[in-house]
Amino acid sequence: MSEDTTALPVQLQEIVEDFTSTPPSERLQLLLEFSEELPELPERYRDHPELMEPVPECQSPVFVVTELRDGHVHPYISAPAEAPTTRGFGSVLAQGLDGLSADEVRSIPGDFAFSLGLTQLISPLRLHGMTGLLARIKAQVDRLAG
Amino acid sequence: MGIAADPNPKFQQYAHPERLVSTEWLAQHLGEPGLKVVESDEDVLLYETGHIPGALKIDWHTDLNDPVTRDYVDGEGFARLLSSRGISRDDTVVIYGDKNNWWAAYALWVFTLFGHPDVRLLDGGRAKWEAEGREYTTERPEIAPSEYPVVERDDTRVRAFRDQVLKALGTEKLVDVRSAPEYAGERTTAPDYPEEGALRAGHIPTAANVPWARAVAEDGGYRTREELEQLYLGEAGLSEGDDVIAYCRIGERSSHTWFALTHLLGFENVRNYDGSWTEWGSLVGVPVVQGAEPGEAPGR
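A quick note: this is a predicted structure, and the numbers were derived from the prediction, not measured.

Caption draft 1: Here's a closer look at the packing of helix 1 (residues 10-20) of chain A against helix 4 (residues 84-97) of chain A. Residue and element names in this part refer to chain A. Where helix 1 contacts helix 4, the two axes come as close as 7 Å, and the packing angle between them is 140°. By the angle class used here, helix 1 and helix 4 are oblique. Judged by the sense of rotation from one axis to the other, the crossing of helix 1 with helix 4 is right-handed. Contacts between helix 1 and helix 4 involve Gln-11, Leu-12, Ile-15 and Phe-19 from the first element and Val-92, Gln-95, Gly-96 and Leu-97 from the second. Broken down by class, the residue content of the contact of helix 1 with helix 4 amounts to five nonpolar, three polar and no charged.

Take a look at the structure:
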């Protein structure tokens, strides 16, 4: 397993370290805290889910839309309260990616989800949901940045 | 044995009414000695966001599966797990969960492999409890560890393995509880679910397609006996006394159907093929049928 995450953008690296420096038995609790911090959608998307892209890799209705403003990436993610794990993943990406440049987002390894130290606690299937979410954000960034 | 069954009139029509409890019944009996409530969810964090007061968490991935082999924990592992949750062999265990009790039924089926005598399902699961505005807490119950005995897992009665399924083609009835597109072979995963590693799409020859959710009523609980009979005896062509094997993708949705056939309709020999499509769809040389028709058993 590759633990080499030195190339990650600093703010994302900090989140990884938050997880990996937490004892495994408390990592789910940390993910739960992230899930509670998933930012509310801005009003322009709240009533317009059709503007957002569904993420079928997640096991619950999850939507994502990415904006690029002045060279900075801003992902917006919605996930229902009854899917806290997915919300937690969304929150990690929303917080970890917000404000990065398009190139920084594109440089994040596709298997980033597996670097949080959660593979023993969460089935691989669910981690694939996070991988799908990241892939969709990267694809949206590609379209926006050209 | 255990606590008196829920006298709810809906359940009395079922073959084994004592295997279900209603949300009202559970609310009234919470905290009673000898009753243990277990939450088993697809979402590993849902319990932490709030659960029925006193409920214990059992996770299908980290608790019920062996971490290395694709199999369930053994007798010692199960004894260790239940002891750590303070559950005794003579406790009445009520299991509930998210997603219409998929994982709760799965956990109940695993309890059955170990022959836990009194294990019941909360009809309607988390969704019904929640819809009725019943109490949740984030407080974890204090657990006094118990000494659950080591009981060997019995894989012969309610579990089917791939070779047995292959042999059963043409003699036992198969029920494929996945969605119609999965059954027809248009896809290998449930709609909105990620790819899960089956190399071929379709179904096992002769299997009738009865998506699991058709057994579910509007309130999230099971349909009435009459409705279930119409579904399984009528549409799916099962007859009383048939030996039945149910399967899905990894065995969780088919646990929900296994419960309905065994405990609600009273079929005496229903087995869950937990290898399900993630195994069959990748096995070399086994027969697969595509399209909406069940197809024929291969000649031997």
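Anyway, onward from the coordinates.
Caption draft 2: Region of interest: the interface of chain A and chain B. Each side of the interface is counted separately: chain A has 22 residues, and chain B has 17 residues. Together, the buried faces of chain A and chain B total about 1,500 Å²; carbon and sulfur atoms form 64% of this surface. In this structure, the connection of chain A to chain B is made through one salt bridge. Between Glu-42 of chain B and Arg-126 of chain A there is a salt bridge, with the nearest N and O atoms lying 3.7 Å from each other. In this assembly, chain A and chain B are joined by three residue pairs in polar contact (both at pLDDT 80 or more). Counting residues per element, the ones that place at least two in the side of chain A that touches chain B are helix 2 (24-36), helix 4 and helix 6 (124-145) of chain A.

Caption draft 3: Structural view of the side chain of Thr-137 of chain B. Residues and elements named next belong to chain B. Topologically, Thr-137 is positioned in the loop between helix 7 (125-131) and helix 8 (162-168). For Thr-137, a relative accessible area of 18% corresponds to the buried category. Reaching out from Thr-137, the side chain makes a polar contact with the backbone nitrogen of Glu-139 at a distance of 3.0 Å. Residues contacting Thr-137, with those up to four places away along its chain left out, are Gly-50, His-51, Ile-52 and Pro-53.

Caption draft 4: Structural detail: the sheet that holds strand 1 (residues 53-54) of chain A. Residues and elements named next belong to chain A. One open sheet accounts for three strands, arranged 1-2-3; its pairing is antiparallel. Since the sheet does not close on itself, it has two edges, and those belong to strand 1 and strand 3 (72-78), each with one partner. Here strand 2 (residues 63-69) pairs with strand 3 via seven bridges, running antiparallel. Across the sheet, the residue bridging to Thr-66 is Pro-75, located in strand 3. Sheet strands touched by helix 6: strand 1, strand 2 and strand 3. Its angle to strand 2, the strand with the most contacts, is close to 35°.

Caption draft 5: Representation of the UniProt feature "domain: Rhodanese" (unreviewed entry) in chain B within the structure. Residues annotated in UniProt with the feature "domain: Rhodanese" (unreviewed entry) correspond here to residues 31-138 and 168-289 of chain B. This span, residues 31-138 of chain B, is 35% helix and 15% strand, and a straight line between its end C-alpha atoms measures 16 Å.

Caption draft 6: Inspection of the layout of surface pockets at higher detail. Considering only enclosed or pocket space, the largest pocket measures out at about 920 Å³ in volume. What lines the largest pocket is a set of 34 residues, and nearest its centre among them are Trp-60, His-61, Asn-65, Asp-66 and Pro-67 of chain B. Going through the elements one at a time, helix 6 of chain A together with helix 4 (60-64) and helix 5 (75-84) of chain B are the ones with two or more residues in the lining of the largest pocket. Per-class residue counts for the lining of the largest pocket are 13 nonpolar, 10 polar and 11 charged.

Definitions and limits used
- Residues numbered from 1 in each chain as written.
- Chains lettered and ligands numbered in written order.
- Predicted model: local features only at pLDDT ≥ 70, side-chain atom pairs only at ≥ 80, totals over all residues.
- Heavy atoms only, no water.
- Axes fitted to C-alpha atoms, helices over the stretch in contact; angles between N-to-C directions.
- Helix = DSSP H or I, 4+ residues; strand = E, 2+ residues; numbered from the N terminus.
- Parallel < 35°, antiparallel > 145°, perpendicular 65-115°, else oblique.
- Left-handed = near helix turned anticlockwise from the far one by under 90°.
- Contact = heavy atoms within 4.5 Å.
- Nonpolar A, V, L, I, M, F, W, Y, C, P; charged D, E, K, R; others polar.
- Buried area = accessible area lost by both parts, 1.4 Å probe.
- Salt bridge = Lys/Arg side-chain N within 4 Å of Asp/Glu carboxyl O.
- Polar contact = N/O pair within 3.5 Å; in protein donor to acceptor, adjacent residues only side chain to side chain.
- Buried < 20%, exposed > 50% of the residue type's maximum accessible area, 1.4 Å probe, protein only.
- Pairing = 2+ DSSP bridges.
- UniProt positions renumbered as here; feature names shortened; annotations may be inferred.
- 1 Å grid on protein atoms, 1.4 Å probe; cavity = no way out; pocket = protein on both sides within 12 Å on 5 of 7 lines; lining within 4 Å.
- Points joined across faces, edges and corners; volume = space filled by probe spheres on them.

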